[in-house]
Amino acid sequence: MTTLLALDTATEACSVALLHDGKVLTHYEVIPRLHAQKLLPMIKALLAEAGIGLSALDAIAFGRGPGAFTGVRIAIGVVQGLAFGLDRPVLPVSNLAALAQRALREQGATQVAAAIDARMDEVYWGCYHEVAGEMKPVGEEAVMAPELAALPGAATGDWFGAGTGWGYAERIAAVVSARDATLLPHAQDLLTLGTFAWHRGEAIVADNAQPVYLRDKVATPKAR
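Rules used in this analysis
Residues numbered from 1 in each chain as written. Predicted model: local features only at pLDDT ≥ 70, side-chain atom pairs only at ≥ 80, totals over all residues. Heavy atoms only, no water. UniProt positions renumbered as here; feature names shortened; annotations may be inferred. Helix = DSSP H or I, 4+ residues; strand = E, 2+ residues; numbered from the N terminus. Pairing = 2+ DSSP bridges. Axes fitted to C-alpha atoms, helices over the stretch in contact; angles between N-to-C directions. Contact = heavy atoms within 4.5 Å. Domains from an automatic or database assignment. Buried area = accessible area lost by both parts, 1.4 Å probe. Salt bridge = Lys/Arg side-chain N within 4 Å of Asp/Glu carboxyl O. Polar contact = N/O pair within 3.5 Å; in protein donor to acceptor, adjacent residues only side chain to side chain. Parallel < 35°, antiparallel > 145°, perpendicular 65-115°, else oblique.

1. Brief notes about the UniProt feature "domain: Gcp-like" (unreviewed entry) in the protein
Residues annotated by UniProt as "domain: Gcp-like" (unreviewed entry) correspond here to residues 30-150. Between the end C-alpha atoms of residues 30-150 the distance is 28 Å, and the span holds 39% helix and 27% strand.

Laid out in structure tokens, this is it:
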């Protein structure tokens, strides 16, 4: 039976989740600026709760962004260190998709406009709909001014707004039936999406684990 670990530090939340023997264990804390100190102890505690060691893992899923620059780098560094040491593959998961998956799990929302506050008066934006229990993207993820955020052109039915980007709700023209601007990505939902990806054979080697920032000017050094 598959054993997967998922971890996320891309936003104010720091969380880990473990699938082992068909059971899911999680730990989630909103601890801004403490991710680097807390993440490894959280992983160790979760494995101890399950009664297994790191060697039992088949793969590691992680939040690859978009999100806070430092937070995404912490996740990448930890997952690469663990995966290299164990010789295990990794499963990159979009933090916007994880946010949509959480809205499905907690709110039953099958169409989600996910938005994460990108600072600099912008939002990370992505739209998703549910297919067989998995939130799949409708269009591309992007970073933009709140005024430019929109639902897909052919959008119908009820949409749910999820994530801190909805703190700009008065500037977002997209019409949603309900929203939660406090919602943050959770490793439990990264685990769900990672499990779908694992069964499709989408795991990659740790060398290829790369962050996704969406904002090129942050990810790319300036030319001298």
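2. Re the sheet that holds strand E1 (residues 4-8)
With mixed pairing, 5 strands are arranged side by side in an open sheet as E3-E2-E1-E4-E5. The open sheet has two edge strands with one neighbour each: strand E3 (23-30) and strand E5 (90-93). Direction aside, neighbouring strands of the sheet carry axes that sit 15 degrees apart on average. Bridge analysis of E1 against strand E4 (residues 59-63) gives 4 bridges, and the strand direction is parallel. Bridge pairing in E4 links Leu5 to Ile60. Its contacts with the sheet put helix H4 (residues 187-199) on E1, strand E2 (13-20), E3, E4 and E5, and the angle it makes with E1 is roughly 135 degrees.

3. Digging into the domain arrangement of the protein
Under the domain assignment, the protein is made up of domain 1 (4-94 + 185-208) and domain 2 (95-180). Look at where the C-alpha atoms of domain 1 and domain 2 centre, and you get two points 23 Å apart. Counting residues at the interface gives 21 residues for domain 1 and 18 residues for domain 2. Carbon and sulfur atoms supply 51% of the area buried between domain 1 and domain 2, which totals about 1500 Å² over both sides. At the junction of domain 1 with domain 2, the criterion picks out 4 salt bridges. One salt bridge connects Arg200 with Glu134, and the closest N-O pair in it is separated by 2.9 Å. Linking domain 1 with domain 2 are 11 residue pairs in polar contact (both at pLDDT 80 or more). Looking at which element gives the most residues to the side of domain 1 that touches domain 2, the answer is H4, with 6 residues.

4. Side note on the side chain of Thr164
Structurally, Thr164 can be placed in the loop between strand E10 (160-162) and strand E11 (178-180). Here the side chain of Thr164 touches Asp117 through a polar contact of 2.9 Å, landing on its backbone nitrogen. Sequence-distant contacts of Thr164, that is, excluding residues within four places in its chain, are made with Ala115, Ile116, Asp117, Ala181, Leu183 and Leu184.

5. A look at the packing of helix H3 (residues 95-107) against H4
Interaxial distance between H3 and H4 falls to 8 Å at its minimum, and their mutual angle equals 100 degrees. In terms of their interaxial angle, H3 and H4 are classed as roughly perpendicular. Side by side, H3 and H4 meet where Ala97, Ala98, Gln101, Arg102 and Arg105 of the first sit next to Gln188, Asp189, Leu190, Thr192 and Leu193 of the second.

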